[in-house]
Amino acid sequence: MNKIANKTIINNVLLEESANDKDIVVLCSDSRGSAGLGPFAKERPDQFVEVGIAEQNLVSIAAGLAVSGKKAFAVSPASFLSTRSMEQAKVDVAYSHTNVKLIGISGGVSYGELGMTHQSANDIATMASIPGMRAYLPSDRFQTEKLMRALLKDTDPAYVRIGRNAVEDVYEEGNVPFEMNKATMIQDGADITIIAAGEMVQGAKAAGEALKEKGISARVLDMYCIKPIDEEAIIKAAKETKMILTVEEHTKFGGLGSMVAQVTAANCPTKVVSLTLPDTPAISGKSPAIFKYYGLDGEGIVKKVCELLG
């Protein structure tokens, strides 16, 4: 069982790269513990900025540093980063096209028992709606590392959402297919396509394997790149499989399902069904329990596919 959280991978990559690149600067909003940034703050004090509980200032200061030539990584809980500082993300980062990477930690329902105030079930709709802002949801530690190293090489704004705790590996170390802004096909199939992102990918992968045993051929796509979304992969799936099921740790409005439906409606109309969090405050509890309750785990996905295919 994997015990290394994605946030630890982010810290490790930034710590490694910042040793030789003094332009890398990391900022946080009194969240170094939650973000796993303790080692970075200790070893790179001159490249670390503690802003305190002031998310709007966090993003604006990051933008100012980027204008000065720095590669700024602003880290804060996704629930606050995507709401309290939306104007700063829109104007200071995206509109001004500053080299700021916004890292939303403890995304979705991963704050668990803290309830709706700490849930970020609408952050993708928020961030992806901003012109010039990219949005990514890496599925495991290996993909997180690939994504971080890719983001360090470009200067465009981006929002990255990760969960709080360690998640099971989707890929194997040393065998991580990754192409920037392209979905990864985990399993091919002809009956239905399951498209998932972030922590939902592990459940989708498990569902794909379970469905195969039932004689159902399911294509499974890891759509870690929510924006820009991989339209080619979606259109191909719409043409080659009977229908599409999207799975996301997000409200049904403005997230992965909405984007997939827009692509298919414009290019290759097909049935698109979305498994999402409800349009009400989600229940409180640990992530696995919440996923199970709403049918967002492997078992729930299998059940939904069987219903759809009759």
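Within every chain, residues take consecutive numbers counted from 1 along the sequence as written. Selection of residues for local features in this predicted model requires a pLDDT of at least 70, selection of side-chain atom pairs for listing and counting requires 80 or more, and totals for whole chains, interfaces and linings are taken over all residues. Computation of side-chain values covers all heavy atoms of the structure but excludes hydrogens and water.

Considerations on the sheet that holds strand S9 (residues 218–222)
Where strands meet in a sheet, backbone hydrogen bonds hold them as pairs that are either parallel or antiparallel.
Item 1. Paired strands, in this sense, are two strands between which DSSP finds at least two bridges. Strands here are runs of E lasting at least two residues and helices are runs of H or I lasting at least four, both read from the DSSP assignment and numbered beginning at the N terminus. Strand order in the open sheet formed by five strands is S7-S9-S8-S11-S12, and the pairing between neighbours is mixed. Edge positions in the open sheet fall to strand S7 (184–187) and strand S12 (271–275), since each of these has one partner strand only. Each strand of the sheet is rotated relative to its neighbour by a mean of 25°, with strand direction disregarded.
Item 2. Pairing of strand S8 (residues 192–196) with strand S11 (residues 243–247), which is carried by four bridges, proceeds in the parallel orientation. From the neighbouring strand, Ile194 faces S11, where its bridge partner is Leu245.
Item 3. We call two residues contacting when some pair of their heavy atoms lies within 4.5 Å. Each axis is a line fitted through C-alpha atoms, taken for helices only over the stretch in contact, and angles between the N-to-C directions span 0 to 180 degrees. Relative to the sheet, helix H9 (residues 200–213) contacts S7, S8, S9 and S11, its axis offset from that of S9 by approximately 165°.
Item 4. Seen against the sheet, helix H11 (residues 256–267) touches S8, S11 and S12 and runs at an angle of roughly 155° to S11.

Some thoughts on the sheet that holds strand S2 (residues 48–50)
Item 1. A sheet is described by the order of its strands in space; here seven strands give the open sequence S2-S1-S3-S4-S6-S5-S10, paired in mixed fashion. In this open sheet, the two strands that pair with only one neighbour each are S2 and strand S10 (225–227). With strand direction ignored, the average angle separating the axes of adjacent strands in the sheet is 20°.
Item 2. Packed on one face of the sheet, helix H1 (residues 6–18) meets strand S1 (24–28), strand S3 (71–77) and strand S4 (100–105) and runs near 145° to S1.

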